[in-house]
Amino acid sequence: MTILSISTSSGTASAAVYKNGRISCLYGEPSVGGHSEIIMPLVEKLLADNDTAMEDIDVFACDIGPGSYTGVRIGVCAVNAMAFTSGKKIIGVPSLEALKYCVDGDGKSVCALLDCRNGNGYAALFSKNKTVIEPSAVVVAELIKDIPENTVFVGDGGVLHRELILANCTGAMFADGVVSAEGVIKAALARIDSGEAKVDEVTPMYLRQPQAERMQNGR
């Protein structure tokens, strides 16, 4: 099976291909331009580097959020267009689920935590390949009350709130990692192995209103 994935929910766009049991991933340069300018050239370079044509792809995958409102829309539209043009199916992956694959699977609980300012975040909790807390918009100080001992935190929210977490979560540990197309492929493979149906089209996962709407509503 050959899978092409893209990730656009974070500040750095990336693309990855799974072929012959191996994952290759390329990352864009945020300073070069927006995700809309980066993602398709990145895909084209990745496929060329791996001697793969678009028609060789069996399944497409992308992160569907939460994350950058505009970035998520760009990625979802791009993967829907590629799948439609080639007549192939898609696996949509929450960005927090992709993030958890930055942590080695050693049986520990993993909290994927992304910052979204003012003590707020996006979070999900995973344990033994099961989702304990579904991707949610959270207040970090409230979230950590429900986190079990010896949990590994991954994501920029863990970095930003490290002291608060250490003061309230016994045995908390921290892992480096960002949402990437490589994590999206690993999550997609797990979903395929579990028998999840592939779809013709994916839609964004928005857990909060866009910033412009929140400002208009005074939140």
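None of the values given here were measured: they were computed from a predicted structure. (Residues numbered from 1 in each chain as written. Predicted model: local features only at pLDDT ≥ 70, side-chain atom pairs only at ≥ 80, totals over all residues. Heavy atoms only, no water.)

## Quick look at the nonpolar core
The biggest cluster of nonpolar side chains holds 28 residues, and the ones touching the most others in it are Ile3 and Val93. Only β2 (14-19), β4 (59-63), β5 (89-93), α3 (95-100), β6 (110-115), β7 (120-127), β9 (152-154) and α7 (181-193) provide two or more residues apiece to this core. The residues touching Ile3, leaving out its near neighbours within four places in the chain, are Ala16, Val17, Tyr18, Ile57, Val59, Ala61, Ile185, Leu189 and Ile192. One finds Leu4, Val72, Ala83 and Val202 within the second-largest nonpolar core, a separate group that totals 23 residues. (Core = buried A, V, L, I, M, F, W, Y, C linked by side-chain atoms within 4.5 Å. Buried < 20%, exposed > 50% of the residue type's maximum accessible area, 1.4 Å probe, protein only. Helix = DSSP H or I, 4+ residues; strand = E, 2+ residues; numbered from the N terminus. Contact = heavy atoms within 4.5 Å.)

## Digging into helix α1 (residues 35-49)
Compared with an ideal rise of 1.5 Å per residue, which puts 15 residues at 21 Å, α1 spans 20 Å between its outermost C-alpha atoms and is within 8% of the ideal. Taken as a whole, α1 has its buried residues at His35, Ile38, Ile39, Leu42, Val43, Leu46 and Leu47. Axial view of α1: buried residues confined to an arc of 150 degrees, hence all on one face. Across from the buried face of α1, at angles greater than 90 degrees, the exposed residues are Glu37, Glu44 and Ala48. Buried residues along α1 sit against β1 (3-7), β2, β3 (22-27) and α2 (69-86). Backbone geometry just after α1 places Asp51 at a positive phi near 50 degrees. (Expected span 1.5 Å × (residues − 1). Arc of directions from axis to C-beta.)

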